[in-house]
There are 2 protein chains.
Amino acid sequence: MPVAQAVKDALDSSSMIRRMFEEGIELKKKFGTDKVFDFSLGNPDLEPPEAFRQTLLRLVTEDAPGSHGYMPNAGFPHVREALARKTSHEHGVTLDWRHIVMSVGAAGALNTVLKAVLNPGDEVIVSRPYFMEYRAYITNHGGKLVEAAADDSFNLDIDTVRAALSEKTAAVLINSPHNPTGRVYPQKTIAALAEILLEHGGKTGRFPYLVADEPYRELVYDGLAVPPVLSAYPHSIVATSYSKSLSLPGERIGYIAVGPRNDDKDTLIDALIYATRILGYVNAPALMQRCVAELTEVKAAVYMYAARRAAFKKVLDYAGLSYINPEGAFYIFCKVPGGFANDDRAFVDALKKQLILGVPGSSFGAPGWVRFAYCVSEENIRNSAAAFKAAGGR
Amino acid sequence: MPVAQAVKDALDSSSMIRRMFEEGIELKKKFGTDKVFDFSLGNPDLEPPEAFRQTLLRLVTEDAPGSHGYMPNAGFPHVREALARKTSHEHGVTLDWRHIVMSVGAAGALNTVLKAVLNPGDEVIVSRPYFMEYRAYITNHGGKLVEAAADDSFNLDIDTVRAALSEKTAAVLINSPHNPTGRVYPQKTIAALAEILLEHGGKTGRFPYLVADEPYRELVYDGLAVPPVLSAYPHSIVATSYSKSLSLPGERIGYIAVGPRNDDKDTLIDALIYATRILGYVNAPALMQRCVAELTEVKAAVYMYAARRAAFKKVLDYAGLSYINPEGAFYIFCKVPGGFANDDRAFVDALKKQLILGVPGSSFGAPGWVRFAYCVSEENIRNSAAAFKAAGGR
């Protein structure tokens with residue numbers, strides 16, 4: 001056996017999605033890129049903002065000595081300082097530079113947090129549906145994912161989370177704005193979550209961490225704001241990145257922010273730094289660290305995604321399909337129409353025949369739904385209307 | 001308990017080294033940077049070569065669309081193609097682009113390989129002394145480090161490796177040029193290792209992987225060449241980076257090369273790509289990938305390190321200290337002088353009083369030795385002679 005059994009099993013079970021991606025590439029080759037409506041991947045098609053390009057060019061031109069060398073594992077102090085200011089503002093708390101640990105994207109941040117805090121057999125509660133890689137991240141570090149079903153509107157359901165809490169609960173992992181549904185958890189939901197976690201900790205002596213995965217924080221619509229987490233619950237940690245807001249997913253630049261009211265936060269920060277080191281990240285990429293430190297005031301191009309959202313809703317309305325109105329991120333979660341008897345894979349197949357690619361909700365623990373990513377051109381979205389209508393009418 | 005017990009234990013046991021680093025910073029503040037001889041860290045002080053700086057500037061100026069976005073998890077195909085050519089040349093095999101998986105440095109590469117191949121309880125044989133983080137890398141993924149003592153000259157000892165082999169041996173991990181001793185394993189040692197691994201595999205039905213961690217491959221002296229690994233043993237994998245050869249440790253750019261004669265190598269490559277994804281690296285930093293693809297002909301500044309090595313040997317000779325003659329890398333492994341009764345920590349303390357910083361051999365599993373890194377200025381090395389003499393004469 002050439003590879004680990006668990007990895008082998010995962011490869012086998014993830015092959016359905018891989019096949020879909022490969023089929024997508026084949027479809028584009030066969031029919032032409034503009035004839036295929038590829039809403040499968042959350043890869044922003046927008047280029048990084050002009051301010052990023054100018055900052056990068058300036059830093060590379062200046063070429064300061066030591067700028068590509070090792071720095072402390074947690075990142076350059078001035079970078080951590082800049083992001084502490086930004087995070088303090090976003091979360092209504094006062095962080096200093098030590099509360100920030102730079103990471104290899106949000107995925108690196110989450111793995112680092114889980115490595116730092118999970119004992120073998122510890123549980124992490126996740127609201128279902130959820131981003132499919134969470135299970136692997138948690139399992140990587142000896143933990144167990146415990147699902148808590150969301151409510152009918154895909155908001156976090158406080159009752160199912162409460163029922164999922166146990167003495168083994170090390171953390172509750174939330175994601176708002178939410179992939180795949182586009183939901184933004186309201187302030188009162190975060191407050192209610194904090195309340196049950198405090199209550200649980202008071203009873204058991206173990207306060208679960210609230211880990212907020214929020215790379216989409218800036219991507220919200222209709223004047224909505226994502227409520228703060230670090231000020232809502234003392235034992236909270238934010239994991240985030242610049243992948244979505246500045247369209248830098250390939251550069252792997254993100255960070256962890258540790259809530260200033262965590263118990264024994266110095267040990268927690270030391271553990272995060274140690275985990276960063278031994279998981280082989282060592283540190284976040286140096287040049288990108290220095291870039292993002294200068295871009296804390298630059299905003300994501302929300303208006304572009306808002307226009308695409310509007311276009312997508314119009315297309316789905318035209319095709320007679322129901323969906324969850326996205327409050328943030330760039331995903332639209334669409335109900336499988338009646339003719340498919342809730343079979344999301346059958347609907348995805350029917351869509352594929354019309355050259356539309358989406359991800360079955362089953363992949364997120366939500367059969368009966370399909371996720372479409374609208375980080376593609378508005379024109380491509382508009383042109384998909386007839387294809388959607390044809391696919392939905394079974 | 002705010003963090004995982006295993007992480008807490010590791011923090012406690014690694015605090016000796018951390019204290020040393022902190023004391024180093026304090027010493028420099030107190031006495032001035034040029035008065036302190038900091039040979040503790042393997043952080044190249046050389047700037048990246050001019051060709052890197054020009055390539056980076058050109059790529060950033062061109063600013064090609066999509067260049068900071070996601071690419072396949074294994075890396076840009078043209079980058080993989082360029083490194084396949086380079087690796088084929090170095091290892092005397094024929095690789096194509098699919099055999100290369102880009103990684104977040106060599107540490108990321110090693111974690112990816114171990115995640116991909118280790119089943120719970122599997123063993124990885126490492127020649128002692130060894131880079132101290134190997135133990136954590138292996139434990140991260142459920143494996144167990146099994147030590148095989150090197151011979152008296154710190155060459156790999158085929159007999160101890162053979163004795164360490166078991167049915168649970170998933171891999172033998174080698175590092176040549178070697179940290180901390182500077183040894184380069186000769187071709188006949190690699191051939192003998194291949195022979196016992198083939199013999200073991202023939203008997204047990206399980207052929208251990210030979211994993212070669214070789215970020216120092218280009219840093220060799222006296223016309224030496226590091227013998228190829230991929231052509232020596234079919235089930236071999238190279239993990240490497242540009243951290244040392246191009247002085248880019250902060251940028252986290254490296255790669256994995258899979259030997260073309262591995263059994264079921266397509267599954268192995270799929271497993272490596274999956275491991276890259278779920279460990280949260282997702283992919284190696286995009287801009288640096290594109291840089292290194294154009295620098296396959298650029299050589300490390302070996303002459304600079306050779307001059308430093310010569311200076312360091314002169315200093316140790318003057319102080320009457322014995323050491324292993326470094327054949328590669330930028331470390332010199334020095335015997336604790338007689339007056340210290342083999343106590344490397346006591347010798348490190350005596351050195352510190354003379355403002356010299358080194359790492360005790362105990363940290364690498366080799367008590368009675370001290371490691372000095374000579375990736376600092378030649379002047380700093382030369383100026384340390386009197387301090388070494390004063391410290392050694394107890």
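Residues numbered from 1 in each chain as written. Chains lettered and ligands numbered in written order. Predicted model: local features only at pLDDT ≥ 70, side-chain atom pairs only at ≥ 80, totals over all residues.

Participant: How should the pairing of strand β3 (residues 123–128) of chain A be read in this particular structure?
Facilitator: In the case of a regular strand, side chains alternate between the two sheet surfaces. All names here are of chain A. Counted residue by residue, β3 has five buried out of six residues, so it is predominantly covered. As a crossover connection, the stretch from β3 through helix α6 (residues 134–140) into strand β4 (residues 144–149) is right-handed. As paired strands, β3 and strand β5 (residues 169–175) are joined by four bridges and run parallel to one another. Bridge pairing links V124 to A171 in β5. (Buried ≥ 20, exposed ≤ 12 C-beta atoms within 10 Å, placed from the backbone. Helix = DSSP H or I, 4+ residues; strand = E, 2+ residues; numbered from the N terminus. Right-handed = clockwise from strand over helix to strand, strands pointing away. Pairing = 2+ DSSP bridges.)

Participant: Help me understand the interface of chain B and chain A in this model?
Facilitator: One widely used convention gives an interface's size as the accessible area the parts lose upon coming together. Taken together, the contacts link 61 residues of chain B with 61 residues of chain A. Those elements that place two or more of their residues in the side of chain B that touches chain A are α1 (5–13), α3 (50–62), α5 (105–117), α6 (134–140), α9 (265–278) and α10 (286–293) of chain B. When the residues that make up the side of chain B that touches chain A are grouped by side-chain class, the tally is 36 nonpolar, 16 polar and nine charged. (Contact = placed C-beta atoms within 7 Å. Nonpolar A, V, L, I, M, F, W, Y, C, P; charged D, E, K, R; others polar.)

Participant: How do you make sense of the pairing of strand β4 (residues 144–149) of chain B when you look at a structure like this?
Facilitator: Sheet topology note: the strand β3 (residues 123–128) of chain B/β4 of chain B ladder contains six bridges and is parallel. Residue pairing for β4 of chain B: V124 of chain B is matched across the bridge by L145 of chain B.

Participant: What is the right way to read the sheet that holds strand β7 (residues 236–241) of chain B from this model?
Facilitator: Hydrogen bonds between backbone atoms are what pair the strands of a sheet, whose relative direction is either parallel or antiparallel. Residue and element names in this part refer to chain B. If you walk across this open sheet you meet the seven strands as β2-β8-β7-β6-β5-β3-β4, and the pairing is mixed. Each edge of the open sheet is held by one strand with a lone partner, namely β2 (100–103) and β4. Taking each pair of neighbouring strands and ignoring which way they run, the sheet shows an average axis angle of 25°. (Axes fitted to C-alpha atoms, helices over the stretch in contact; angles between N-to-C directions.)

Participant: Teacher, can you tell me more about the relation of the copies chain B and chain A here?
Facilitator: Each of the two copies of the chain can be brought onto the other by a rotation about an axis and a shift along it. Rotating chain B by 180° and translating it 0.0 Å along the rotation axis places it on chain A, where the RMSD comes to 0.0 Å. Such a turn and shift between the copies fits a two-fold axis. Taken as a fraction of all interface residues of chain B, those also at the interface in chain A reach 100%, which identifies the copy contact as same-surface. (Least-squares fit on C-alpha atoms with pLDDT ≥ 70 in both.)

Participant: Please explain the packing of helix α3 (residues 50–62) of chain A against α3 of chain B as it appears in this structure.
Facilitator: The angle between the axes and the distance between the axes are what describe a pair of packed helices. At a minimum axis distance of 10 Å, the contact between α3 of chain A and α3 of chain B shows a crossing angle of 160°. By the angle class used here, α3 of chain A and α3 of chain B are roughly antiparallel. Considering how the two elements wind past one another, α3 of chain A and α3 of chain B form a crossing that is left-handed. Contacts from L56, L57, V60 and T61 of chain A of α3 of chain A reach α3 of chain B at L56, L57, V60 and T61 of chain B. Its residues assigned to classes, the contact of α3 of chain A with α3 of chain B comprises six nonpolar, two polar and no charged. (Parallel < 35°, antiparallel > 145°, perpendicular 65-115°, else oblique. Left-handed = near helix turned anticlockwise from the far one by under 90°.)

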